[in-house]
Structures are given as structure tokens and as C-alpha cells.
Amino acid sequence: MWPRLLRHSAAQFGRGPTHEMPHFPNSELFTLTYGALVTQLCKDYENDEEVNKQLDKMGYNIGVRLIEDFLARSTIGRCQDFRETADVIAKVAFKMYLGITPSVTNWSPAGDEFSLILENNPLADFVELPDNHNTLIYSNLLCGVLRGALEMVQMAVDVKFAQDTLRGDNVTEIRMKFIKRIEENLPAGEE
């Protein structure tokens, strides 16, 4: 059932004819480890919807912790608006952690919703989804990471995959919608 989920060769790991190490030498390890995680979740849960929820939950927990590392390493201050947030996510965060720079596009007229277009999704390298998992959102972890990280900087967002090349779409598209600014709850008497 799962042999097709992960496919790889020595050449894809930077040991091909050129003997060059990839720019991000640990990316393949991360990709394969993530594939093993998704495979195990598919075995543990009865349906794809539960796996999707678990991936989102795991991603959320990662995002809640990852934001501190991101803010420390990037030295980026508070974004002034949702457009600036979108640019920082695409040009700094995705580049820093996944080595890619998605396009920010398809802004809503109100400016509260946009799409991240991933030309290459590193989580989906070496992956073919089996026919019996056509509702699996394989990279749903990314949605949770984005939601969790932004919540820690007082921004509630809805994040979901609109398109995915693993499901036969031409591109991988993550849709993000601003819901509200979260007010900090300070203990009584503190400001």
C-alpha cells in the first residue's frame, strides 16, 4: 500500500555524478522523516480527515514554538499590516526554514486574504499519494505551522490548501485569510 509514498535515489540525495551536496543538506532527511510520519498517521487513524486534523494540530504546536526562533534569527520587527506579513512569510520564513520562496498572489479586494503559490513543495518531494487516500492533505502541517506562529504574534488566521500538485492540480496553493487581531490578555492591574 505505501511503497509508492516515498521514492528516492542516490542521485536525488546529492550523491549523483556531480557529487555535490544539496544547498540544504538536511532537507532530504526532513522530507523522508515527514513522509514516515504521515505514513504512520495513516496507519494509526481510520480516515484521511483525522490524519489532516492531526497534521494541522502538530503543525500548530510547531508554529507556536518556531516563531520565537524565527523572530530571533530574522531580527524582523512587528509587521504593520497583513500585506507586510504575507511578504515576510514568503520571502523570509519559507526561505529560512524550507529553502523556497513562494509567490504571494490572489489578494482579495478587502486585502484580508491571499494565496501562497509554491512552485516546489519540499515536503512533497519523493511522494505519490495512493489512490485510497485522495482526501489526504499531505502537507497540512504547513497550515498548522502558519496558524500557530501567527497566533503567537496576535494574529488569528484561517489557513488551508486550495490546490495541491499531489492531487493533480497545476500548482500548490495555500490560502490565508486574516480573521482578527488577538488582544493580549494581561493580568488585572498590568499594562
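Everything numeric in this text was worked out from a predicted model, so none of it was measured.

**Overview of the packing of aromatic side chains**
- Tallied over the entire structure, the rule returns five aromatic pairs.
- Measuring from centroid to centroid gives 6.0 Å for Phe82 and Trp107, while their planes differ by 90°, and the two rings are edge-to-face. Taken together, the residues span a long stretch of sequence, with Phe82 in helix α3 (residues 82–98) and Trp107 in the loop between β1 (103–105) and β2 (113–118) at a distance of 25 residues.
- Residue class for Trp107 comes out partly exposed when judged on its relative accessible area of 22%.
- The interplanar angle of 35° and the centroid separation of 4.9 Å between the aromatic rings of Trp107 and Phe114 together place this pair among those described as tilted.
- Joined through ring pairs, the aromatic side chains of Phe82, Trp107, Phe114 and Phe178 make up one cluster.
- In this structure, Arg83 packs its charged tip against the face of Trp107, placed 4.2 Å from the ring centre.

**Brief notes about the nonpolar core**
- If you look at the biggest cluster of nonpolar residues, it comprises 35 residues, and the most contacted ones within it are Phe94, Leu116, Tyr138, Leu146, Ile174 and Met176.
- Counting residues per element, the ones that place at least two in this core are α1 (27–44), α2 (48–74), α3, β2, α4 (141–152), β3 (155–163) and β4 (172–181).
- Residues within four places of Ile174 in sequence aside, it is in contact with Phe94, Phe114, Ser115, Leu116, Leu118, Leu142, Cys143, Leu146, Val159, Lys160 and Phe161.
- Residues Phe70, Val88, Ala93 and Ala149 belong to the second largest nonpolar core, which totals six residues.

**Thoughts on α2**
- At Leu66, α2 is deflected by roughly 35°, the largest bend along its length.
- If you check the start of α2, you find a side-chain oxygen 3.1 Å away from the backbone N of Glu49, and it comes from Asn47.
- In the segment just after α2, Thr75 is the residue with positive phi, at about 50°.

**Notes on the pattern of salt bridges**
- Taken as a whole and assessed by the stated rule, the structure comprises five salt bridges.
- Between Lys53 and Glu50 there is a salt bridge, and its shortest N-O distance comes to 3.7 Å. Of this pair, Lys53 and Glu50 both sit in helix α2, three residues apart, which is roughly one turn of that helix.
- By relative accessible area, which is 28% here, Glu50 ends up partly exposed.
- In this structure, Asp56 and Arg147 form a salt bridge, with 2.4 Å as the shortest nitrogen-oxygen distance. Remark: Arg147 occurs in helix α4 and Asp56 occurs in helix α2; sequence separation between them is 91 residues.

**Remarks on the environment of Gly148**
- Examined against the element boundaries, Gly148 turns out to sit in helix α4.
- In this structure, the C-alpha to C-alpha distance between Gly148 and Ile67, residues 81 residues apart in sequence, is 8.4 Å.

**What to know about unusual backbone geometry**
- Non-glycine residue Thr75 carries a positive phi angle of around 50°.
- With respect to the secondary-structure elements, Thr75 resides in the loop between α2 and α3.
- The phi dihedral of Asn106 is positive, around 55°, even though this residue is not glycine.
- As for its placement among the helices and strands, Asn106 is situated in the loop between β1 and β2.

About the thresholds
- Residues numbered from 1 in each chain as written.
- Predicted model: local features only at pLDDT ≥ 70, side-chain atom pairs only at ≥ 80, totals over all residues.
- Heavy atoms only, no water.
- Phe/Tyr/Trp six-rings, centres within 6.5 Å; stacked < 30°, edge-to-face > 60°.
- Helix = DSSP H or I, 4+ residues; strand = E, 2+ residues; numbered from the N terminus.
- Buried < 20%, exposed > 50% of the residue type's maximum accessible area, 1.4 Å probe, protein only.
- Lys NZ or Arg CZ within 6 Å of the ring centre and 35° of its normal.
- Core = buried A, V, L, I, M, F, W, Y, C linked by side-chain atoms within 4.5 Å.
- Contact = heavy atoms within 4.5 Å.
- Bend = angle between axes of the 7 residues up to and from the residue.
- Polar contact = N/O pair within 3.5 Å; in protein donor to acceptor, adjacent residues only side chain to side chain.
- Salt bridge = Lys/Arg side-chain N within 4 Å of Asp/Glu carboxyl O.

None of this, on its own, says anything about what the molecule does.
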